[in-house]
Amino acid sequence: MPEMLEVEEYRRLAARTLGRTIRAVHAPDAWFLKGGLTAGAVSDALLGRSFTADRRIGKLLLLDVAGGPSLGLRFGMTGRLLVDGQAAIDRLEYSSDRNDPKWDRFGVDFDDGGAMRMRDPRRLGGVELDPDEHRLGVDAAAIGGAGLRDVLAGSEAPLKARLLDQARVAGIGNLLADEMLWRAGLDPARPAGSLSPAEVRRLHRHLRATLDELGARGGSHMGDLQDMRGQDGICPRDGTPLSRRTVGGRTTYSCPKHQR
Ligand SMILES: [Zn+2]
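To keep things clear, this report deals only with the structure shown in the data block.

Rules and cut-offs
- Residues numbered from 1 in each chain as written.
- Predicted model: local features only at pLDDT ≥ 70, side-chain atom pairs only at ≥ 80, totals over all residues.
- Heavy atoms only, no water.
- Salt bridge = Lys/Arg side-chain N within 4 Å of Asp/Glu carboxyl O.
- Helix = DSSP H or I, 4+ residues; strand = E, 2+ residues; numbered from the N terminus.
- Buried < 20%, exposed > 50% of the residue type's maximum accessible area, 1.4 Å probe, protein only.
- Pairing = 2+ DSSP bridges.
- Contact = heavy atoms within 4.5 Å.
- Core = buried A, V, L, I, M, F, W, Y, C linked by side-chain atoms within 4.5 Å.
- Donors = N, O, S within 2.8 Å, 3.2 Å for Na, K, Ca; no water.
- Axes fitted to C-alpha atoms, helices over the stretch in contact; angles between N-to-C directions.
- Arc of directions from axis to C-beta.

**Quick notes on the pattern of salt bridges**
Side-chain pairs of opposite charge can arise where the charged atoms are in close proximity.
Point 1. This model, assessed by the stated rule, comprises 26 salt bridges.
Point 2. For R56, the salt bridge goes to D139, with nearest N and O atoms at 2.7 Å. Here R56, found in strand β2 (residues 51-57), pairs with D139, found in strand β10 (residues 138-139); they are 83 residues apart in sequence, far enough to count as distant.
Point 3. Using a relative accessible area of 11% as the deciding quantity, one classes D139 as buried.
Point 4. For R245, the salt bridge identified is with D187, shortest N-O distance 3.1 Å.

In structure tokens:
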């Protein structure tokens, strides 16, 4: 599922669309248009114009339109981006039955013959004009130690739930949260506000390292914990059987021995 590392790959791919004139807009799925948007309105906003900038906040990809609004793209659980027929991420988890043009929910054609498409089997993503960027917290790749401290301070919510709260810190999804908490040796269910200053610093260090390393490896599913998500998983560090719980509404794997 696309977390911020995947959407960052999509952003790099989307950079290829900048400056190209849009000659057609495909919006066949009204469900996929969010915030009251209609096919006619998105066509009016994009036709004859071009994208001037690619941006990302958390899991939200933004393409600014020359003389117009920003196009916000969300990828949900199964969304992917294709530009000129090429995907940013082509891996096994996107099996062939997930790679069918009939899943194209939105797209534009350029006057040079190329195209951009959003392909989303489960339709949990969407497209919006001028999405409210202020509803998102600071991007996880940009958050500093003091920022992370402020996100956690005084909160009784489980640590993992706070990290998943996109209004507090944007971009961390289920896999990244479990991986960074496992690396940092912190129990996902602990109250967020209970971390000591040293623990917050440790978490921040592992947050950065997790994003850097998994980004370099190819995505949020490339964590050290990943192969152990499932029945009979054991901690790769100390061999303890992992606990499987629901924390923050999400299936959570953690080590009862070294995550405290
Ligand atoms: Zn362990």
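Let's pick the thread back up.
**Observations concerning the pairing of strand β7 (residues 104-110)**
Point 1. Summarising burial for β7: seven of the seven residues are buried, a large majority.
Point 2. In terms of strand pairing, β7 meets strand β8 (residues 115-119) through five bridges, oriented antiparallel. Looking at the pairing, D104 lines up with R119 of β8.
Point 3. Connecting β7 to the antiparallel partner β8 that follows it, the hairpin turn spans four residues, and G113 within it adopts a positive phi of roughly 100°.

**Some points on the environment of G137**
Point 1. Locating G137 in the fold gives a position in the loop between β9 (126-129) and β10.
Point 2. Placed 108 residues apart in sequence, G137 and D29 show a C-alpha to C-alpha distance of 29 Å.
Point 3. When near neighbours in sequence (up to four residues on either side) are disregarded, G137 contacts I57, Q166, A167, R168, V169 and A170.

**Comments concerning the sheet that holds β7**
Strand pairing in a sheet relies on backbone hydrogen bonds, with the paired strands running either antiparallel or parallel.
Point 1. The strand order across the open sheet formed by five strands is β1-β7-β8-β5-β6, and the pairing between neighbours is antiparallel. Bordering the open sheet on either side are β1 (22-26) and β6 (86-87), each of which pairs with just one other strand.
Point 2. Here four bridges tie β1 to β7, and the two strands are oriented antiparallel to one another. Paired with I22 across the bridge in β7 is F110.

**Regarding the nonpolar core**
Point 1. Ranked by internal contacts, the top residues of the largest apolar core, which has 27 residues, are L46, F51, L71, L73, L81, F106 and M116.
Point 2. Looking at this core, the elements that each hand over two or more residues are α1 (4-14), β1, α2 (39-46), β3 (60-65), β4 (70-74), β5 (80-83), β7 and β8.
Point 3. Residues in contact with F106, not counting those within four places in the same chain, are V25, H26, A27, F32, L33, V42, L46, L71, M116, R117, M118 and V127.
Point 4. Of all hydrophobic cores here, the second largest spans 25 residues; its members include V151, L159, L163 and L214.

**Re the coordination of the zinc ion**
Point 1. Coordination sphere of the zinc ion, protein contribution only: C235 (SG), D238 (OD), D238 (OD), C255 (SG) and H258 (ND1), at 2.1 to 2.7 Å.
Point 2. Sequence spacing of the donors to the zinc ion: C-x2-D-x16-C-x2-H. With D238 in the loop between α6 (197-217) and β12 (243-247) and H258 in the segment after β13 (250-254), this residue pair connects regions lying 20 residues apart in the sequence.
Point 3. Here D238 falls in the partly exposed class, since its relative accessible area comes to 27%.

**Points about the sheet that holds β2**
Point 1. Read from one edge to the other, the open sheet built from four strands follows the order β2-β3-β4-β9, with strand pairing classed as antiparallel. Pairing within the sheet leaves two strands with one partner each, and these edge strands are β2 and β9. The average undirected angle you get between the axes of adjacent strands in this sheet is 20°.

**Some points on α2**
Helical geometry: 3.6 residues make up each α-helical turn, so side chains three or four residues apart lie on a common side.
Point 1. Residues V42, S43, A45 and L46 constitute the buried set of α2. Take α2 and look down its axis: the buried residues cluster within an arc of 165°, on one side only.
Point 2. Those residues of α2 that are buried are in contact with β1, β2, β3, β4, β7 and β9.
Point 3. Positive phi appears at G48, one or two residues downstream of α2, with a value of about 80°.

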